[in-house]
Amino acid sequence: MCSHIAYAKPELTIYTEQFPPYNFSNKGQLQGINLDITQALCQRVQVECKFELLPWTRAYHLAQNNPTAGVVSTARTEQREDLFQWVGPLVSSRTFFYRLATNKHINPTDLNQVSAYSLGLVRGNIYEQLVYEVGFETDKNLLQFSHHYEYINLFFKNKIDLILGSELVLDYQLQQFGHGGKEVVKLVELPVEKLGGNYLAFNKAVPKEIVEQFNVQLKALRKEGEVESFKNLYIHD
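Residues numbered from 1 in each chain as written. Predicted model: local features only at pLDDT ≥ 70, side-chain atom pairs only at ≥ 80, totals over all residues. Heavy atoms only, no water.

Topic: the overall build of the protein
- Secondary structure assignment for the protein yields eight helices and twelve strands.
- Relative to the compact-globule value of 18 Å for 237 residues, the protein shows a C-alpha radius of gyration of 20 Å, a close match.
- A principal-axis box enclosing the C-alpha atoms of the protein has dimensions of 85 × 35 × 30 Å.
- Here the protein, with 237 residues, has 48% of them falling under the buried criterion. (Helix = DSSP H or I, 4+ residues; strand = E, 2+ residues; numbered from the N terminus. Rg over C-alpha atoms; globule rule 2.2 N^0.38 Å. Buried < 20%, exposed > 50% of the residue type's maximum accessible area, 1.4 Å probe, protein only.)

And the structure:
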């Protein structure tokens, strides 16, 4: 007597947030550079992946507590290193301070000068520790908010001098709130070497061989030029 056993694909839940162009919802469709890469990796590793878009804090929390989960796109920091298993790096970009084009009197030329001005930031933002290190202080020259639109709104009303943004992300953020990239001027770069770029971060309980296969297939995608192809779908020079 023969018995046929059907082996189901492993199932993983990948949490993500509204963070264009890396991952976002467009008319209910989840997409973005790093989300597309992650979907391609799931297919190559033959894992059934379910994607959920949530506020960042909840996505990050669930990825640590759900043994069959991951979160994308996640900055790989020293503080987070031991909390997850890492796949990457994925696509990320450099981060700069920006001012309004009309505010020509705001013109810091190096990191020592930026803290002479006010900066808006989402509370708990990944850049928070880095801006403290260059001289910003909470409720003095660092104003913290619960959402991007709050400080972007004040920035365009001339109530805040500076905002931070990555080269790839800022235009998308400004478009969401009815503004354009030509309204702002790029100033000083915030060195983010300590952040280690964007990654797919898996719960520690996900089998190591699956995580290893994700990294193997990511290298293959990069070698085949597919990572650049995904990037080109969203970024136009």
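Notes on unusual backbone geometry
- Following valine 72, the chain continues to serine 73 via a peptide bond in cis, the omega torsion being 0°.
- Looking at where serine 73 falls in the secondary structure, it is placed in strand 5 (residues 69-75).
- Cis peptide bonds are those with omega within 30 degrees of zero, and the linkage from glycine 88 to proline 89 qualifies with 5°.
- Looking at the element boundaries, proline 89 is found in the loop between strand 6 (85-87) and strand 7 (95-100).
- Positioned with a positive phi, glutamine 46 is a non-glycine residue whose angle comes to about 60°.
- By the element assignment, glutamine 46 lies in the loop between helix 1 (33-45) and strand 4 (48-53).
- With a relative accessible area of 55%, glutamine 46 lands in the exposed category.
- The phi angle at aspartate 139 is positive, at roughly 65°, despite the residue not being glycine.
- Among the secondary structure elements, aspartate 139 is positioned in the loop between helix 4 (128-133) and strand 9 (142-145).
- Under the relative-accessibility criterion, aspartate 139 is labelled exposed at 68%.

Side note on the environment of glutamate 212
- On the secondary structure map, glutamate 212 appears in helix 7 (residues 208-223).
- Placed 167 residues apart in sequence, glutamate 212 and valine 45 show a C-alpha to C-alpha distance of 9.8 Å.

A look at the pattern of salt bridges
- Enumeration over the complete set of coordinates arrives at six salt bridges.
- Here arginine 44 ties to glutamate 224 by a salt bridge, and the two come within 2.5 Å at their closest N and O atoms. Taken together, the positions of arginine 44 in helix 1 and glutamate 224 in the loop between helix 7 and helix 8 (226-234) put the pair 180 residues apart, joining distant regions of the chain.
- The shortest N-O distance in the salt bridge between arginine 94 and glutamate 189 comes to 2.9 Å. Here arginine 94, found in the loop between strand 6 and strand 7, pairs with glutamate 189, found in strand 11 (residues 184-190); they are 95 residues apart in sequence, far enough to count as distant.
- Assessed through its relative accessible area of 43%, arginine 94 is described here as partly exposed.
- On the basis of relative accessible area, glutamate 189 is assigned to the partly exposed category, the value being 30%. (Salt bridge = Lys/Arg side-chain N within 4 Å of Asp/Glu carboxyl O.)

Let's talk about the sheet that holds strand 8 (residues 119-122)
- Here five strands make up an open sheet; going across it, the order is 9-8-10-7-11 and the pairing mixed. Two strands close off the open sheet at either side, each with one partner strand: strand 9 and strand 11. Ignoring which end each strand starts from, the neighbouring axes of this sheet average 40° apart.
- Two elements, strand 8 and strand 9, share four bridges in a ladder whose sense is parallel. Across the sheet, the residue bridging to valine 122 is phenylalanine 145, located in strand 9. (Pairing = 2+ DSSP bridges. Axes fitted to C-alpha atoms, helices over the stretch in contact; angles between N-to-C directions.)

Focus on helix 7
- The end-to-end C-alpha separation of helix 7 is 23 Å, in line with the 22 Å expected for 16 residues at 1.5 Å each.
- All of the buried residues in helix 7 are Ile210, Val211, Phe214, Gln217, Leu218 and Leu221. Seen from one end, helix 7 has its buried residues packed into an arc of 125°, which puts them on one side. Across from the buried face of helix 7, at angles greater than 90 degrees, the exposed residues are Lys208, Glu209, Glu212, Lys219 and Lys223.
- In the core, the buried residues of helix 7 are packed alongside strand 1 (11-16), helix 1, strand 4, strand 6, strand 12 (198-202) and helix 8.
- Just beyond helix 7, the residue with positive phi is glycine 225, at close to 85°. (Expected span 1.5 Å × (residues − 1). Arc of directions from axis to C-beta. Contact = heavy atoms within 4.5 Å.)

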